[in-house]
Amino acid sequence: MAQGIARASALLASGTMVSRVLGFVKAIVIAQTIGVIGVSADAYAGANQLPSNIYSIISVGLLNAVIVPQVVKAARHEDGGQLYVNRLVTLAMVLLGGLTILATVGAPIIGALYGASLSPEQLGLLVAFAYWCMPQIFFYGMYAVLGEILNARGLFGPFAWAPVINNVVGIAGLLLFSSVFGADPTGTGRNIDSWDPTMIAMLGGTATLGVAMQTIVLLFFWRRAGLRFGLDFQFRGTGLGQVGKLAGWTLGMLLVMQLAGLVETIVAYLASGENASIAAMQNAFLIFALPHAVIAVSIATAFFTRMSAAISDDRPQDFIRDLSEGSRLIGMFLLFAGFGLALVAVPFARIFATTDAGINSIAAILIAFLVGLIPFSGLFLVQRAFYALEDTKTIFFVFLFTLPLHIFGMALAAIGPVELIVVGLALMQSIMSTLRLAILLFILRKRMGQLDFANIVRSYVRFTIAAIAASIPALIVMVLLGTFQEDGFPRSGIFQALVSCAIGAGIMALFYFPLLWLLKSPEFRGFAGPLLARFGIKPGPPSSPARPGEEGLDEDDLPAFPETVTVGAEDSAPTPWNLASEEIEPDPADERRQAAEQEQREERVNAASWAFGGATEDLSTAGIILPMHSRTTEIPKVGRQEPPRTRRERREEERRAVIELAARREEEARLAREARSQADDDDGRGSTPRPKE
């Protein structure tokens, strides 16, 4: 089982990384084809963003929060969920098809809403692109449904690798467009009137074709998953009637975020034309989101599963411990990434932009985003902590009550210098991430009583000292390379920019991680220990802080556990911690009640893990960081990626676990009895008998 999970995790991680690399290549090709500053680039970027905005509401609010957990549950049925899958796919085709038709017909209205600050000519170009991009809604939705069904059947590779095809098709379409109509890397070579229907169809159509191919390729794995598809319009039992508070509050939060995104788009379009706007902001965010997706999402997804299991098992101390460990691991990597990206912001911007104005704009926007990198990723982790507590209502109200302040900040950016509008929007996002994180941490601390802030602060102080010290030599080298000169080496070409990024990041890493070792960072020593051991180096054990409130706790000390573990629908087995107990067996009715409650908890945790993990679209990156931390971290099986497909498999798995734990505890009890017997013999031979207490 463990090897299967490891292989699946590696396959998912590799697919995600290849897809992300190609995604960067695609963004670079787009920039070289139509530029990053100008009416053409902004119209195309805005049109491509519209279906994503609409789909995100449907995906997280309906597919991931309601239907996908039902897919996981249906996979346990004796027929493997065949009947349910056919009904679900049919229903998804009907709903997504209808939504796509409405969105495509309503493209002028939706475009006018998001492009309220555009000129009529540029709005017309945006709507023309939107007609070709709106069908992406259907294919994105079907990709989510088909992919999650394959995941539930144990086929993880197709879902992770399908986006690679999307990027390949998109890149090919862009290259074809450049060869037929010519490239415009500066964004000034084409005015709105120069765009004819053929050009719009080729550019927008190939983008949608890539998403369609990403979805269609999943169908080739249908038979391998043991499924046979047939249309089934009997929609009873598909789970739409089970939309609960969890999904409702999540959908409400998404609507709040979409409202903020709408205002942000309208304000950003005020700068469209000769200044950085939507296209430049999207490219800067693409760079900013890379460390968040690869590092923060990986760690938060893994620890979300653990926190969910801790809450389900009534282990609040473990919940606090996991939240603390997750936040410290995220900080260790992201402080390095944040300082490093800020140092190479200019050469990174040169990869996408060709003009000095474009380079400086993207670099400034990126730095404004990076100010809030730690709060942005910390907010992501804390949200998962609330999801583990099955509390999305609090998150909704925090986002809702801070929305007016966010809109006010964006309004301030709108009345500022036009060349700094998007920089102000990025900085406002950083401020709001920090504020929302602080509010949620305050609420969470009031609820849990403590959050291990002392250990977190100590660790972040170490990370900050190491990051600042490592930035100094890296900054000196970047200055010597001519980063801040218009004719400097990092600005002279894409290859030179890539070399400069590698040099800056390499120097930063050369100093940062050794400094963490010298500062005796327990997080880094726990991370690097297994790597050094492979080379025959045996570092001392990391001075890992004890769990909150558990100083001196022996590893065999256990919290209060239930007296029985359910292993079937009608039978139960004694747990290892009560083998020597002579208490009366529990009442059968109480036992059945506990069994039902346990199954509900498992399904709830499993559903939450898949729902909110899948919503990030980066669940597969958990395979990158997780194996590095597995030496000191045991991942609970609840919410894992390979759930039992049938009730029989679940019973067998639970029975095996009980037998293994029982054998271990029985051996420990035997050794303890022998030790006590030996001690009594020694006392009887040479010591005065102790008085009875």
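Residue numbers here run from 1 along each chain, matching the order of that chain's written sequence. At least 70 in pLDDT is required for a residue's local features to be given in this predicted model, at least 80 for side-chain atom pairs to be given and counted, and no such filter applies to totals for whole chains, interfaces and linings, which use all residues. Side-chain calculation: all heavy atoms of the structure are included, whereas hydrogens and water are not.

Draft legend 1. Quick look at the overall build of the chain. Numbered from the N terminus, helices here are DSSP runs of H or I no shorter than four residues, and strands are runs of E no shorter than two. Within the chain, the secondary structure is distributed over 22 helices and two strands. Burial classes follow relative accessibility: with a 1.4 Å probe on protein chains only, a residue under 20% of its type's maximum area counts as buried, one over 50% as exposed, and anything between as partly exposed. Counting across all 693 residues of the chain, residues that qualify as buried make up 53%. Any two residues whose heavy atoms approach within 4.5 Å at even a single point are treated as in contact. Here the contacts in the chain between residues at least 6 apart in sequence split such that 83% fall between residues at least 24 apart. Accessible surface is estimated by sampling points in the Shrake-Rupley manner with a 1.4 Å probe; for residues, cover comes only from the protein chains shown. Accessible area for the chain stands at about 31700 Å²; split by element, carbon and sulfur atoms hold 63% of it.

Draft legend 2. Structural context of a nonpolar patch on the surface. Here a patch means residues that are over 30% exposed by relative accessible area and free of salt bridges, tied together within 9 Å if like-charged and within 5 Å if nonpolar (Val, Leu, Ile, Met, Phe, Trp, Tyr). One speaks of a salt bridge when a side-chain nitrogen belonging to Lys or Arg is within 4 Å of a carboxyl oxygen belonging to Asp or Glu. A surface patch of nonpolar side chains, amounting to about 490 Å² of accessible area, comprises Leu-209, Met-213, Ile-216, Leu-219 and Phe-220. Looking at where Met-213 falls in the secondary structure, it is placed in helix α8 (residues 197-219).

Draft legend 3. Focus on the packing of helix α15 (residues 393-414) against helix α16 (residues 421-448). It is at 9 Å that the axes of α15 and α16 come closest, and there the two elements cross at 155°. With respect to each other, α15 and α16 are oriented roughly antiparallel. Where α15 crosses over α16, the handedness of that crossing is right-handed. Touching Thr-394, Ile-395, Val-398, Phe-399, Thr-402, Leu-403, Leu-405, His-406, Gly-409, Met-410, Ala-413 and Ala-414 of α15 are Ile-421, Gly-424, Leu-425, Met-428, Met-432, Leu-435, Arg-436, Ile-439, Leu-440, Ile-443 and Arg-447, all from α16. Under the scheme applied here, ten amino acids are nonpolar (Ala, Val, Leu, Ile, Met, Phe, Trp, Tyr, Cys and Pro), four are charged (Asp, Glu, Lys and Arg), and all others, including Gly, are polar. Its residues assigned to classes, the contact of α15 with α16 shows 16 nonpolar, five polar and two charged. The axes are straight lines fitted to the C-alpha atoms, using for helices just the contacting stretch, and the angles between their N-to-C directions are given from 0 to 180°. Angular relationships are summarised with four words: roughly parallel below 35 degrees, roughly antiparallel beyond 145, roughly perpendicular across 65 to 115, and oblique for the angles in between. By convention, the crossing between two helices is left-handed when the near helix turns anticlockwise from the far helix through less than a right angle, and right-handed when the turn is clockwise.

Draft legend 4. Layout of the environment of Phe-304. Summarising the element assignment, Phe-304 is placed in helix α10 (residues 278-312). In sequence terms Phe-304 and Ala-385 are 81 residues apart; their C-alpha atoms lie 6.5 Å from each other.

Draft legend 5. Inspection of the pattern of salt bridges at higher detail. Scanning the entire structure with this criterion turns up five salt bridges. Here Asp-318 ties to Arg-321 by a salt bridge, and the two come within 4.0 Å at their closest N and O atoms. With Asp-318 and Arg-321 both in helix α11 (residues 316-343) and three residues apart, the pair spans about one turn of that helix. Judged by relative accessible area, Arg-321 falls into the buried class, the value being 11%. Via salt bridges that share partners, Arg-315, Asp-318, Arg-321 and Asp-322 belong to a single interconnected network.

Draft legend 6. Looking closely at unusual backbone geometry. Backbone geometry at Asp-452 places phi at a positive 60°, although glycine is not the residue there. Note on placement: Asp-452 falls in the loop between α16 and α17 (453-480). Even without being a glycine, Lys-520 presents a positive backbone phi close to 60°.

Draft legend 7. Structural view of the nonpolar core. Definition of nonpolar core: a set of buried residues of the types Ala, Val, Leu, Ile, Met, Phe, Trp, Tyr and Cys, connected through side-chain atoms within 4.5 Å. One finds Phe-319, Phe-352 and Tyr-512 to be the most contacted residues of the largest nonpolar core, which totals 137 residues. If one sorts the elements of this core by residue count, α10 sits on top with 17 residues. Leaving out residues up to four positions away in the same chain, Phe-319 has contacts with Met-307, Ala-310, Ile-311, Ala-385, Ala-388, Leu-389, Leu-444 and Met-448. In this structure, Val-89, Leu-150, Phe-159 and Ala-162 belong to the second largest nonpolar core, which totals 18 residues.

Draft legend 8. Focus on the side chain of Gln-383. Inspection of the secondary structure assignment puts Gln-383 in helix α14 (residues 373-388). What makes Gln-383 buried here is its relative accessible area of 9%. If sequence neighbours within four positions are ignored, Gln-383 has contacts with Met-253, Ile-395 and Phe-399.

Draft legend 9. Summary view of helix α13 (residues 356-370). The span expected for a helix works out to 1.5 Å for each residue beyond the first. Look at α13: 21 Å from first C-alpha to last across 15 residues, which is about the 21 Å you get at 1.5 Å a residue. Taken residue by residue, α13 has Gly-358, Ile-359, Ser-361, Ile-362, Ala-363, Ile-365, Leu-366, Ala-368, Phe-369 and Leu-370 as its buried positions. Close packing links the buried residues of α13 with α10, α11, α12 (345-352), α14 and α16.

Draft legend 10. Quick peek at the environment of Thr-434. Mapped onto the secondary structure, Thr-434 falls in helix α16. You can call Thr-434 partly exposed: its relative accessible area is 40%. When the C-alpha atoms of Thr-434 and Gly-378 are compared, they prove to be 8.8 Å apart, with 56 residues separating the residues in sequence.

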